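What follows is each chain in one-letter form.
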Amino acid sequence: MDCLFCKIISGDIPSQKVYESETVVAFKDINPQAPVHILIIPKFHIESLAEITEDTVGVTAEIMLVAKQLAQEFSLGNGYRVITNIGDDGGQTVHHLHFHLIGGKKLSEQMC
Ligand code: AMP
Ligand code: ZN
């Protein structure tokens, strides 16, 4: 399977990792939209939140805890945003589930 983020997980493509556990990895976005822009992903391939099942939903809870922990680590006490894009209309370009942790500046009030 030709998946960019699976290659980051395997180490075939380099990344700036900021967190890793048995099931989750987080690394800096290559094209940051804010001073802090981190991607948090499950280590197993799943296309998007649209593919989550009862068997795999647990990893999203872990990712939320990692987001909170990284927000503290990167001094985002003034606020931040956690986003996941789903499918073409959602603006998803990499088809491996990922959550953007974005902050470090006053973010746009626009939701879409
Ligand atoms: P999305 O548009 O939600 O699918 O987000 C994909 C994100 O992956 C974008 O913010 C890209 O900048 C980021 N990205 C693409 N390639 C890499 C890479 N090699 N390392 C880190 N982030 C990447
Ligand atoms: Zn993948």
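Analysis parameters
Position labels on residues start from 1 in each chain and follow its written sequence. Note on labels: chains are lettered from A, ligands numbered from 1, in written order. Totals for whole chains, interfaces and linings use every residue, but because this is a predicted model, local features are given only for residues with pLDDT of at least 70 and side-chain atom pairs only at 80 or more, for both listing and counting. With hydrogens and water excluded, all non-hydrogen atoms of the structure serve as input to the side-chain values. Of the two site types, the cavity is a set of points on a 1 Å grid over the protein atoms alone where a 1.4 Å probe fits but cannot get out, and the pocket is an open set with protein on both sides within 12 Å along at least five of seven lines, each lined by residues with an atom within 4 Å of a point. Grid points are joined across faces, edges and corners, and a volume is the space filled by probe spheres set on the points. Numbering goes from the N terminus for both helices and strands, where a helix is a DSSP run of H or I of at least four residues and a strand is a run of E of at least two. Gly falls in the polar group here, along with every residue not listed as nonpolar (Ala, Val, Leu, Ile, Met, Phe, Trp, Tyr, Cys, Pro) or charged (Asp, Glu, Lys, Arg). The rule for donors is simple: an N, O or S atom within 2.8 Å of the metal counts, and for Na, K and Ca the reach is 3.2 Å. Water is not among the atoms, so a site may look short of donors. Irregular is the label for any site that misses the other tests, which are tetrahedral for four donors with all angles between 85 and 135 degrees, and square planar for four donors or octahedral for six when opposite donors exceed 155 degrees and the remaining angles lie between 65 and 115. Throughout this description, buried means an accessible area under 20% of the type-specific maximum (1.4 Å probe, protein chains only), exposed means over 50%, and partly exposed covers the range between. It only takes one pair of heavy atoms within 4.5 Å for two residues to be counted as in contact. Two strands make a pair as long as DSSP finds a minimum of two bridges between them. Angular values range over 0 to 180 degrees, each being the angle between N-to-C directions of two axes fitted as lines to C-alpha atoms, with helices fitted over their stretch in contact.

Draft legend 1. Examining the layout of surface pockets more closely. Counted as a void, the largest pocket has a volume near 380 Å³. Around the largest pocket sit 20 residues that line it, and L4, F5, D29, I30 and L39 are the ones nearest its centre. For the lining of the largest pocket, the elements supplying multiple residues, two or more each, are α1 (4-10) and β2 (24-28). Taken together, the residues of the lining of the largest pocket break down into nine nonpolar, nine polar and two charged. Its volume calculated, the second largest pocket comes out at about 240 Å³. Lining the second largest pocket are R81, I83, N85, H100, Q110, M111 and C112. Here the lining of the second largest pocket is built from residues that sort into three nonpolar, three polar and one charged.

Draft legend 2. How the structure looks around the coordination of the zinc ion (ligand 2). In this structure, C3 (SG), C6 (SG), H45 (ND1) and H96 (ND1) serve as the protein donors to the zinc ion (ligand 2), at separations of 2.0 to 2.3 Å. Metal-centred angles of 104 to 116 degrees between the four donor atoms at the zinc ion (ligand 2) mark the site as tetrahedral. Along the chain, the residues donating to the zinc ion (ligand 2) fall in the pattern C-x2-C-x38-H-x50-H. One end of the pair, C3, is in the segment before α1; the other, H96, is in the loop between β4 (80-83) and β5 (99-103), and 93 residues separate them in sequence. By relative accessible area, which is 6% here, C3 ends up buried. What makes H96 buried here is its relative accessible area of 0%.

Draft legend 3. Here's a closer look at the environment of I13. Here I13 lies in the loop between α1 and β1 (17-20). Overall, I13 belongs to the partly exposed group, its relative accessible area being 27%. Among residues more than four places away in sequence, those in contact with I13 are L4, K7 and I8.

Draft legend 4. Spatial organisation of the sheet that holds β2. The strand order across the open sheet built from five strands is β1-β2-β3-β5-β4, with neighbouring strands paired in antiparallel fashion. Only two strands of the sheet have a single partner each, and these edge strands are β1 and β4. For this sheet, the mean angle separating the axes of adjacent strands, direction not counted, is 15 degrees. Sheet strands touched by helix α2 (residues 58-73): β1, β2, β3 (36-42), β4 and β5. Its angle to β3, the strand with the most contacts, is close to 155 degrees.

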